[in-house]
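Descriptive analysis of the structure
This is what each chain is made of:
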Protein chains: 2
Amino acid sequence: MKATIRDVAKLAGVSVATVSRVINKLGGVRPETEQRIEKAMEELQYIPNVLARSVASKKTKLIGMIVPDVENPFFAAVFSGADKVVREYAYTTLLGGSNDTYEREENLLQTMLEHQASGILLTPTFPKAKWVERMGNRVPTCLIDRDMEGMNCDRVLIDNRRGTYEATKLFIQKGHTQLAIITGPLESTPGRERFEGFKQCLHDFSIELNQDYIQIGDFHSGSGYQLGKRLLKLNHPPTAILSCNNLMTIGLLEMIHTSSIRLGEDLGVIGFDDIPIATLMHPNLTVVSRPMREMGECAAEMLLQRIQNPNQPNRTVIMSPHLIVRGSESIFS
Amino acid sequence: MKATIRDVAKLAGVSVATVSRVINKLGGVRPETEQRIEKAMEELQYIPNVLARSVASKKTKLIGMIVPDVENPFFAAVFSGADKVVREYAYTTLLGGSNDTYEREENLLQTMLEHQASGILLTPTFPKAKWVERMGNRVPTCLIDRDMEGMNCDRVLIDNRRGTYEATKLFIQKGHTQLAIITGPLESTPGRERFEGFKQCLHDFSIELNQDYIQIGDFHSGSGYQLGKRLLKLNHPPTAILSCNNLMTIGLLEMIHTSSIRLGEDLGVIGFDDIPIATLMHPNLTVVSRPMREMGECAAEMLLQRIQNPNQPNRTVIMSPHLIVRGSESIFS
DNA sequence: CCCATAAATGTAAACGTTTAGATTTTTTCT
DNA sequence: AGAAAAAATCTAAACGTTTACATTTATGGG
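Notes on the structure in this doc start here. These numbers were taken from a predicted model, which means no experiment stands behind them.

**Let's talk about the packing of aromatic side chains**
Tallied over the full model, the rule gives 6 aromatic pairs over all chains. Summarising the aromatic geometry, the rings of phenylalanine 74 of chain B and phenylalanine 75 of chain B are spaced 5.0 Å apart at their centres and angled 70 degrees between planes, so their arrangement reads as edge-to-face. Like phenylalanine 74 of chain B, the residue phenylalanine 75 of chain B is buried in the burial classification. Relative to phenylalanine 198 of chain B, the ring of phenylalanine 195 of chain B has its centre 6.5 Å away and its plane inclined at 35 degrees; by these criteria the two rings are tilted. With phenylalanine 195 of chain B and phenylalanine 198 of chain B both in helix H9 (residues 189-204) and 3 residues apart, the pair spans about one turn of that helix. The exposure classification of phenylalanine 195 of chain B matches that of phenylalanine 198 of chain B, with both residues buried. Its end group placed over the ring of phenylalanine 272 of chain A, arginine 194 of chain A keeps NZ or CZ at 3.9 Å from the ring centre. Here arginine 290 of chain A stacks its cationic end above the ring of phenylalanine 74 of chain A, 3.9 Å away from the centre of that ring.

Below, the structure written as C-alpha cells:
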C-alpha cells in the first residue's frame, strides 16, 4: 500500500517527528539525517498526505473559488489570474461554477467549507442570499466583480458606471442621440451600475432617455440576440447600442450579421469586455475593456494576505475599465 | 470555535458513532434520535470536516483535472462537462492548468496526489513523461484529447485524422489543389494525427503535397497569425488553409483581416473546433466541430466508474468530429 | 411476562499527520 | 576532560472523523 510517514521514519531509522521536519522544511535536522530521510522517501515513493496534515494542523492550503460560469471567457481569465497567485503561495484552488443558480451557489459554498477551504473567492449570483449570515462570514472571503449585501469581506470591483459612462460619451461625441442599452439584471451590481453610468451620461448631456431603448438581458448571448432584434424592430430604432457584457455582445453581433443592418454604417455598437471577435469585425469593435486577469490576481492576493493576517481592515479595490476605440461606435463618417 | 462531531454528539446526548451514522445517511437510527441530532447540528452550525473523514476512511471524493490551458474555450468546455458529471457523483473537481509546461504538469499531478485525489483527468502536454511510471499509474486516470505513452488507463480521444480528412476532402471537392495546413507540434497526438488525415486525403486524391504548405505551430493564436502570413507570402501561395485548432484559427483570421486577402474569395479556410466568431464572418467559417462537453462528461463518467470498479479492463472511446459547412471553404463560386 | 431476536446505540481503536515538551546527542568553552 | 549550552531527535498526545465490535434497548411470540 501507500507509504506513510511511519514507513519513511522506520526505513530511515528516525522518528516520525524528524521526518515531518524535513517534509516541512523546518530545519534543525542534520544534513546527513536529512539525506537518509530523503533517500527513504524516494525509495518508498512517499507522497505526503495533505489531508492528514490539515487535520492535525487545523490549517489548509485550499482556496475555494465560485464563479457563475466557467466557460465565460471573463471568468476563465479571472480564474486564471487568481489561480496563478494562489499557486505562488503554495495553495490550491477548488473551482466551481454556480450556473447563476442560488441552489448551486449555496451548495458549492457548503462543499468548500466542508473541505476546510482557508478562503473563498466569490462572484455571487444574487446581491443577497439567505446563507450569508449562516456561512458567509465563516471564512475570509473576497468578492469579485459583483457585490453582495451583508458580507464582511474584501472586494475587487470594477468602476462599471465609469465604463459605460465613457462609452456613452463616446457615442454622443460621435453624434448619436438615439442611444440604447442592453444591460443585465438590475438587481446585480454590474447590471445596475452599468445602466446607471449610461443614464448619468445621457443626463449630463441633456439627452432624453427613451424607455424603449432600455433592454434588460441575462448576460447570455441569447438575450443579446433577442433584445437587439427587439430594438431594431422599433418604429424609431436607436442608432447606437451599448451591450453590457461579452456574451450578449456576441449575440447582438450575430443578430446584426444575419440582418441587413451594417455595423458602423447603420448602427454603432460598443461592447463591455474585450473579445477576440472585436478585431475581426468591419469595422473593429469598440469595447470597454477590463483588466480581467489582474482582477483575479488582486483578489487572490488580498485574500491570501488576509488569511495570514485576519484582523486587517476590509479593503475594496475598484479597478478602472478603459475604452478601446476601434471604430464600431461611429456611423457618421 | 468550529463545532465538531463531538460537540454535536454531546448536545444531542448520543455518541459520535450515531451522529456519524446520520451524517452519512447509513440508517439504523431511530427517527426521534435523528431529529435530535439534526437539531443539534443546526444549532451548532455544524459542517462536517471531509478531510478528517477522508483520513479515517482512506477515501476521498476528489477528482483532479489537469488541462493545458483553462482559458482555451475547448478545455473550458471539457472541464464544464466533466465537472457536471463529477458533481452528480457527489465528488469535487480540483482543476489546474499546466500552461503546456512539463514542470507545471508534474507539479500539478503531485499536488493532486498529495490531496489524495481518487482519480485524475488529464490532457497531457507531452506524449511521454518521466513521471509516468513513478506516479502515472498510482491512481485511476482518464486521458482526454491527447494520448500518452505508457499510461495504463482509460482514454477519450477524437478521430483527428477523420476530422482533417473530411475537411481536406471538402476543399478538394470545392476545386482546391493548393492546400496548406497549419497544425500543431507533431509530437502531440492532435498535431500529428490532424496532419496525417490531411496528408492521407491528399494522397487518396493524388494531389501532391507541397512541403512549403506544411506549417507547424504551437496551438496558440500567435502562430496562426505568423504561419498564415508566411504561407501567403510564398511565391505560389495556397488557395486553401486548414487551421488545426481554435486559437490558431483566430490568429489566422486576424492576419487575413489585416491583409488585403478576402476570405472565401481569395482564400478558403477551414478551422478545427467551432468558435463563436465562425458565424460572424463573411462568409461564415466552415469548421471541424467536436463534442467538447460530451468529451468531458464521458471521461468523467468512465473515471468514476473505474473508481468504483478498479479492475475493469481499460477502455478507449474515440469520438467523431463532424464538419459544419458554412461557406468559407470555397473560393470558386 | 419472559426470552429470543432484532434494532439502536455506544466504545474505542484506527487513519496519517503535526507539534509541544522531554530527552538525547553534539558542540563549545575552560 | 568535563560542564554548560546548543542542536538534534524522540515521545506521545492531539486533530475530527470512521468503523468493527460490544453493549444496551426495543420488539414480538409464546
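**So, the protein's contact with DNA strand D**
Taken together, 28 residues lie around DNA strand D, and Ser15 and Thr33 of chain A together with Ile5, Ser20 and Tyr46 of chain B are the ones closest in. When atoms of DNA strand D within 4 Å of the protein are sorted by moiety, sugar and phosphate together comprise 67%. One nitrogen or oxygen atom from the side chain of arginine 6 of chain B is found 3.4 Å from a base oxygen belonging to DNA strand D. Tyrosine 46 of chain B places a side-chain nitrogen or oxygen 2.8 Å from a phosphate oxygen of DNA strand D. The class makeup of the residues in the surface near DNA strand D is 12 nonpolar, 10 polar and 6 charged.

**Focus on the side chain of asparagine 245 of chain A**
Residue and element names in this part refer to chain A. Counting through the fold element by element, asparagine 245 comes out in the loop between strand S8 (240-243) and helix H11 (246-258). Judged by relative accessible area, asparagine 245 falls into the buried class, the value being 6%. There is a polar contact of 3.1 Å between the side chain of asparagine 245 and the backbone oxygen of phenylalanine 219. Setting aside its immediate chain neighbours within four residues, asparagine 245 contacts Asn72, Arg194, Phe219 and Phe272.

**Notes on the environment of arginine 161 of chain A**
All names here are of chain A. Along the chain, the position of arginine 161 falls in helix H8 (residues 160-173). The exposure class of arginine 161 is partly exposed, given its relative accessible area of 38%. Polar side-chain contacts of arginine 161 include one of 2.8 Å to the side chain of glutamate 196.

**A word on the protein's contact with DNA strand C**
Around DNA strand C, a shell composed of 28 residues is seen, among which Ile5 and Ser20 of chain A together with Ser15, Arg30 and Thr33 of chain B lie nearest. Between DNA strand C and asparagine 24 of chain A there is a distance of 2.9 Å, counted from a phosphate oxygen to a side-chain nitrogen or oxygen. With respect to DNA strand C, the side chain of threonine 18 of chain B contributes an N or O atom lying 2.9 Å from a phosphate oxygen. For the surface near DNA strand C, the elements supplying multiple residues, two or more each, are helix H1 (5-12), helix H2 (16-23) and helix H4 (50-57) of chain A together with helix H2 (16-23) and helix H4 (50-57) of chain B. Its residues assigned to classes, the surface near DNA strand C shows 12 nonpolar, 10 polar and 6 charged.

**Here's the deal with the pairing of strand S3 (residues 119-122) of chain A**
Residue and element names in this part refer to chain A. Judged by which residues are buried, S3 turns out to be covered on both faces: Gly119 and Leu121 on one side and Ile120 and Leu122 on the other are all buried. Pairing of strand S1 (residues 62-67) with S3 involves 4 bridges; the strand directions are parallel. When the sheet's bridge partners are listed, methionine 65 is paired in S3 with leucine 121. In terms of strand pairing, S3 meets strand S4 (residues 141-144) through 3 bridges, oriented parallel. Residue pairing in the sheet places leucine 122 in a bridge with leucine 143 of S4. For the crossover that starts at S3, traverses helix H7 (residues 131-136) and ends in the parallel S4, the hand is right-handed.

Rules behind the numbers
- Residues numbered from 1 in each chain as written.
- Chains lettered and ligands numbered in written order.
- Predicted model: local features only at pLDDT ≥ 70, side-chain atom pairs only at ≥ 80, totals over all residues.
- Heavy atoms only, no water.
- Phe/Tyr/Trp six-rings, centres within 6.5 Å; stacked < 30°, edge-to-face > 60°.
- Buried < 20%, exposed > 50% of the residue type's maximum accessible area, 1.4 Å probe, protein only.
- Helix = DSSP H or I, 4+ residues; strand = E, 2+ residues; numbered from the N terminus.
- Lys NZ or Arg CZ within 6 Å of the ring centre and 35° of its normal.
- Near = heavy atom within 4 Å.
- Polar contact = N/O pair within 3.5 Å; in protein donor to acceptor, adjacent residues only side chain to side chain.
- Nonpolar A, V, L, I, M, F, W, Y, C, P; charged D, E, K, R; others polar.
- Contact = heavy atoms within 4.5 Å.
- Pairing = 2+ DSSP bridges.
- Right-handed = clockwise from strand over helix to strand, strands pointing away.

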